[in-house]
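Structural description and commentary
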Amino acid sequence: MLVRTQFAGFGGQGVLLMGYVLSNGAMLKGLNVTFFPSYGAEMRGGTANCMVTLSDKKIASPVGSQADILVAMNGPSLDKFEPTVAKGGLIVLNQSLIKWGPKRQDVEVFSVPLVDLAREAGSERAANMVMIGAVCAKRDLLPLEDVVKGMQAAMKGKDKFFALNTKGIQRGFTFAQTGK
Amino acid sequence: MSAPAAEKIFGRPESLKDVATHYCPGCGHSVAHRLVAECLDEMGLREKTIGVPPVGCAVLAYNYFNFDMVEAPHGRALAVATGIKRVRPDSFVLTYQGDGDLAAIGTAETIHAANRGELISCIFINNAIYGMTGGQMAPTTIIGEVTTTTPGGREAKAHGSPIDISRMLAVCEGAVYIERCTLNSFKGIKQAKKAIRKCFQVQVDGLGFGLVELLSPCPTNMKMSPKQAWQWIDNQMMKTYPLGLIKDTTGYEDK
Amino acid sequence: MPSEKKLMRGSDTLAEAAVRAGCRFFSGYPITPQNELPEYLSWRLPQAGGTFIQAESELSAINMVLGAAATGARALTSSSSPGVSLKQEGISYLAGQELPAVVANMMRGGPGLGNIAASAADYFQATRGGGHGDYRTPVLAPAGCQELAELTFLAFDLADKYRTPVMLLGDGLIGQVMEPVVFPDPIDPADLPPKDYILDGCAGRAPRAIFSMLLGQQGELYKHNLHLQEKYEQITADEQRWEENLTEDADIIAVAYGTASRIAMSAVEELRAEGVKAGLFRPITLWPYPKQALRKLAQGGVKVAVFELSAGQMVEDVMLSVGERAEIHFYGIPGGVIPTPADVIDFLRSALKGDGKVGRRVEI
Ligand SMILES: Cc1ncc(C[n+]2csc(CCOP(=O)(O)OP(=O)(O)O)c2C)c(N)n1
Ligand code: SF4
């Protein structure tokens, strides 16, 4: 198994943190993982993206020819990365910000009403946690406990956010599993 | 055409290209660019000007300024400018440099250009931090200021004290005009423009090296709102870098 | 005790590994894409009782390292391409004075200011000496975080063993990528073998001097150079490192280092899955180049396909190693663009067919 997930959005949406949570969770579960973030002046432009690769075998390249999953947090990110998704891949959309769908017909699309779900979980600030929960559940990347563990490892020392974030992750899981 | 032509009171100076810059909201670079451009326009210097941008957030200044410019390696702007001015003494030569560029890696070039009295105008943007590389300590970072390489705040013993390069340059015989202004208020900006004009006049009159230091907000790396960053300059930065004339041997009346 | 497994960025990995390898002095100047390294050491070194200095320039940084090395400390400096150019003078002095130090270069696109994306266009500079004079520096090219941690230890060991500057040559991707790392046991600097040439005050012994200027009329500089060359021969004989993957039965062998080797390995795996007999030869020391090892593989009609994040630099060492024993093909991506495994697959296919569609055949 080798899964590449591209996360993309604008600065402040916690895009890199999503990738970091997934990477930590996967590592703790014993998988191999690479996390490659955008950096430097690219960030000043206000966009942020990262690619996370998970595998049960040794990972050769941390950059892939294609992504199996694209997590698009805003419109421009969808436009930019849509063409890089593999045939039959999954595009997960932040429905609260993206009002149009991908043009591609050969991929699966999963829209998540992030802001609403995050509010239900306790705060809009947990939107990225809802998203990572939803993505992991949708494609069985990691079980809920491992995502939560990954979050705790990724945010070591910031314990005061653990409760809210855990609720966010749970909310994402429930949405992906029940559609509600 | 019977209607009288409207008098244009505000618009884009010709010395600035009609493009959007990449500077963050509230950044001092945008204001400084405008002031430089206005002064060049008003003094009719644009077509004679050859500029040297820094390596720093203003590295792309050649995309914004509407006159000839050549890139220099990090810190070497005044050496490059010296070469230009010596070959083309009739051109108007200016450098535009950040604090890292001018007062860290380029210190030697800066001191020696000033000391030689090169007929160059230097615009020095002091934002007390490394903007482009993401908020490391600058030579001008003030005591206590938290940066990514002084996570516990700058301490004199471990990191050195903030360098007041403008006052150091004042010792150089060849430097004839040095003034420190600020970009964090309307009043400050007005004074800054006056200083830049005067600095340019020094070169036009062939008197020597001129430099205007501009205290400039970098809200992004200070992790502040633009307003907080402006206040920080008033409340903190100016204690280390008081505004005002630092050196003037021009003999101009307007002192 | 080895550390627990931790997800770490390449730059942080190098920094932490350096401290664990007994490095107690760092001086550097900010530059993307390796800023996280000095930022990490700015708190980590003081914690370990060491010194962190943000120098006013790379010129200054490398010379602070020279001073620290002269007093016996394990010392590190780090930068990216434009800054490493400025360090060349100091590296030449370190080589001439036979002082150990580790210099890390997280290469970015050039020439000039270039860009901050991963690139590998400083191969010539790194492997041919870089500064003035007849010298070489051992160059280690990690391909990921775990290896970076291990090679950082090795870099300090080689530097001390041979009294030479050693370069860790990574790139923007190696510096920024995060992977799980387990660090080797930390070394206490007090446990390192004593150095009999360092300056610590001449109480109880004759004064020492460390210098590289040899003006004497008796061929002193000539002799010093012969001594350096003997040392380089020793390093060449003993310190070549490389990795071979799926090369035994290969019809085509990709040759790549660092980030390029990771991308090439993905390409090799995908081609193998389709039944194409592809393999990878990955030099870990770029100087000394693992010439004989590569030469041995170049036989029986195998094709050699060099892939670099540059317009073609390491390919010259491949030519020197392989000569006319095998067909050599080259594909290079200059200018800080990171290609994907698909690009390399196209290249390897094209090289196998010899249709010249991607890359080119290299004439010796
Ligand atoms: C030789 C070299 N070293 C380091 C750098 C990286 N670098 C780019 S800009 C900069 C400093 C920027 O700070 P400053 O001059 O204060 O300008 P600002 O970005 O704050 O306007 C550095 C260190 C470089 N480009 N070249
Ligand atoms: S980082 Fe700072 S100096 Fe650079 S553009 Fe933004 S506000 Fe201006």
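Up top is the structure these notes are about.
A brief report on the enclosed structure follows. (Residues numbered from 1 in each chain as written. Chains lettered and ligands numbered in written order. Predicted model: local features only at pLDDT ≥ 70, side-chain atom pairs only at ≥ 80, totals over all residues. Heavy atoms only, no water.)

This paragraph deals with the overall build of chain B. When its secondary structure is counted, chain B shows nine helices and seven strands. The globule rule puts the C-alpha radius of gyration for 255 residues at 18 Å, and the 18 Å found for chain B is close to it. For chain B, the spread of C-alpha atoms along the principal axes amounts to about 65 × 45 × 35 Å. Within chain B, residue pairs in contact and separated by at least 24 positions form 69% of the contacts whose partners lie at least 6 positions apart. Accessible surface computed for chain B: about 11,200 Å², of which carbon and sulfur atoms make up 56%. (Helix = DSSP H or I, 4+ residues; strand = E, 2+ residues; numbered from the N terminus. Rg over C-alpha atoms; globule rule 2.2 N^0.38 Å. Contact = heavy atoms within 4.5 Å. Areas by Shrake-Rupley, 256 points an atom, 1.4 Å probe, with all protein chains shown as cover.)

With that settled, the discussion passes to the site of ligand 1. Near ligand 1, the surroundings consist of 23 residues, among which B:His29, B:Cys57, B:Asp99, B:Gly131 and C:Glu58 are the closest. Flanking ligand 1 are residues from chains B and C. Here an oxygen atom of ligand 1 sits 2.6 Å away from a polar atom, N or O, in the side chain of B:Asp99. A distance of 3.0 Å is found between an oxygen atom of ligand 1 and a backbone nitrogen or oxygen belonging to B:Gly100. Burial of ligand 1 by the surrounding chains reaches 97%, relative to a free accessible area of 580 Å². When contributions to the shell around ligand 1 are tallied by element, the ones reaching two or more residues are α3 (99-105) of chain B together with α4 (81-97) of chain C. With four residues, α3(B) is the single largest residue contributor to the shell around ligand 1. Considering only residue class, the shell around ligand 1 consists of twelve nonpolar, eight polar and three charged. (Near = heavy atom within 4 Å. Polar contact = N/O pair within 3.5 Å; in protein donor to acceptor, adjacent residues only side chain to side chain. Nonpolar A, V, L, I, M, F, W, Y, C, P; charged D, E, K, R; others polar.)

All names here are of chain C. Strands sit in the order β9-β11-β10-β13-β14-β15 across an open sheet of six strands; the sheet is mixed. Where the open sheet ends on each side, the last strands, each with one partner, are β9 (242-245) and β15 (360-362). Neighbour-to-neighbour, the strand axes of the sheet open up by a mean angle of 25°, direction not taken into account. Note: strand β13 (residues 303-308) against strand β14 (residues 327-332), six bridges, orientation parallel. (Pairing = 2+ DSSP bridges. Axes fitted to C-alpha atoms, helices over the stretch in contact; angles between N-to-C directions.)

It is worth spelling out the interface of chain B and chain C at this point. Facing the 16 residues of chain B at the interface are 17 residues of chain C. For the chain B face of the interface with chain C, the top three residues by lost area are B:Ile105, B:Thr133 and B:Thr149, together amounting to 33%. At the surface where chain B touches chain C, the tally comes to zero salt bridges. The residue makeup of the side of chain B that touches chain C, split by class, is seven nonpolar, seven polar and two charged. (Buried area = accessible area lost by both parts, 1.4 Å probe. Salt bridge = Lys/Arg side-chain N within 4 Å of Asp/Glu carboxyl O.)

Before going further, it helps to examine the packing of helix α6 (residues 144-154) of chain A against helix α7 (residues 162-178) of chain A. All names here are of chain A. Between α6 and α7, whose axes approach to 10 Å, the crossing angle comes to 145°. In the crossing of α6 with α7, the sense of the turn from one axis to the other is right-handed. Residues Leu-144, Val-147, Val-148, Met-151 and Gln-152 of α6 form the contact with α7, whose participating residues are Phe-162, Asn-165, Thr-166, Ile-169, Gln-170 and Phe-173. Of the residues that constitute the contact of α6 with α7, the class distribution is seven nonpolar, four polar and no charged. (Left-handed = near helix turned anticlockwise from the far one by under 90°.)

Right, let's get into the packing of aromatic side chains. Considering all chains together, one arrives at 13 aromatic pairs over all chains under this definition. When the centroid spacing of 6.0 Å and the interplanar angle of 50° are considered together, the rings of A:Tyr20 and A:Phe35 count as tilted. Taken together, the positions of A:Tyr20 in helix α1 (residues 15-28) and A:Phe35 in strand β2 (residues 32-37) put the pair 15 residues apart, joining distant regions of the chain. With a relative accessible area of 4%, A:Phe35 lands in the buried category. Taken together, a centroid distance of 5.6 Å and an interplanar angle of 45° make the contact between C:Tyr123 and C:Tyr257 tilted. Placement of the pair is C:Tyr123 in helix α5 (residues 123-127) and C:Tyr257 in the loop between β10 (252-255) and α9 (258-273), with a sequence separation of 134 residues. Exposure remark for C:Tyr123: the relative accessible area of 0% places this residue in the buried category. You can call C:Tyr257 buried: its relative accessible area is 5%. Each member of the aromatic cluster is reached from another via a ring pair, and the members are B:Phe65, B:Phe67 and B:Tyr96. The side chain of C:Arg163 reaches across the aromatic face of C:Tyr197, ending 3.6 Å from its centre. (Phe/Tyr/Trp six-rings, centres within 6.5 Å; stacked < 30°, edge-to-face > 60°. Buried < 20%, exposed > 50% of the residue type's maximum accessible area, 1.4 Å probe, protein only. Lys NZ or Arg CZ within 6 Å of the ring centre and 35° of its normal.)

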